[in-house]
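# Observations on chain architecture
Here's the letter readout for the chains.
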Amino acid sequence: MTRVLSGLRAGCWLVLALLAEPASAQRAKAPAKPAAPEKVLTCGALSNLRIMMAETGGNPAAITSRLADPKADHLGCSRVGRERIEGNAERVVIGGIAYDCLKVKGTSLCRWTLSGVPAEAP
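Below, the structure is looked at part by part. In this text the structure is predicted, and so the values were computed from the model without any measurement. (Residues numbered from 1 in each chain as written. Predicted model: local features only at pLDDT ≥ 70, side-chain atom pairs only at ≥ 80, totals over all residues. Heavy atoms only, no water.)

Summarising the element assignment, Ala89 is placed in strand β3 (residues 85-94). For the pair Ala89 and Arg111, spaced 22 residues apart in sequence, the C-alpha separation works out to 9.0 Å. If we skip the residues at most four places from it in the chain, Ala89 touches Cys101, Lys103 and Cys110. (Helix = DSSP H or I, 4+ residues; strand = E, 2+ residues; numbered from the N terminus. Contact = heavy atoms within 4.5 Å.)

Dropping the structure here:
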């Protein structure tokens with residue numbers, strides 16, 4: 001009887017080990033999340049951020065190109081490094097899109113950006 005029980009225990013451990021191996025292999029194959037951009041588009045006024053997004057279609061390449069052009073109207077918008085962001089001062093949802101006003105080191109005014117957090121349902 002003792003041999004039967006020890007054989008069953010060994011068999012159980014073997015089954016558990018075999019079942020655990022594919023699960024750990026699947027976790028390792030999960031795609032990595034894309035890295036967050038180093039700088040965040042911010043504007044001094046929410047209306048200007050909305051204009052910038054409408055005129056560029058929200059395309060990151062178009063926004064970068066516009067901000068790089070010294071003759072273009074930047075609408076008071078610029079890119080802020082993530083290391084300068086201290087947190088959220090305000091949050092507003094307009095038309096189902098969430099916007100955050102970020103506290104930025106070196107300025108007493110918050111700067112508006114698209115929220116990284118989806119808007120909650122009403």
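Anyway, onward from the coordinates.
Right, let's get into the state of the cysteines. Applying the stated criterion to the full structure yields two disulfides. The disulfide bridge from Cys43 ends at Cys77, spanning 1.9 Å between sulfur atoms. Torsion about the S-S bond of the Cys43 and Cys77 cystine: about 105 degrees, corresponding to right-handed handedness. With Cys43 in strand β1 (residues 39-43) and Cys77 in strand β2 (residues 77-81), this residue pair connects regions lying 34 residues apart in the sequence. (Disulfide = S-S within 2.5 Å.)

Bringing the pattern of salt bridges into the picture now. Opposite charge on two side chains permits them to pair, given that their charged atoms come into close proximity. In total, this model carries two salt bridges according to the counting rule given. The closest approach of N and O atoms between Arg66 and Glu55, which form a salt bridge, is 2.6 Å. Here Arg66, found in helix α3 (residues 60-68), pairs with Glu55, found in helix α2 (residues 46-56); they are eleven residues apart in sequence, far enough to count as distant. Among the residues examined, Arg66 registers a relative accessible area of 16% and is labelled buried. The exposure class assigned to Glu55 is exposed, which follows from its relative accessible area of 52%. Across the pair Arg91 and Asp100 runs a salt bridge whose closest N-O atoms are separated by 3.5 Å. (Salt bridge = Lys/Arg side-chain N within 4 Å of Asp/Glu carboxyl O. Buried < 20%, exposed > 50% of the residue type's maximum accessible area, 1.4 Å probe, protein only.)

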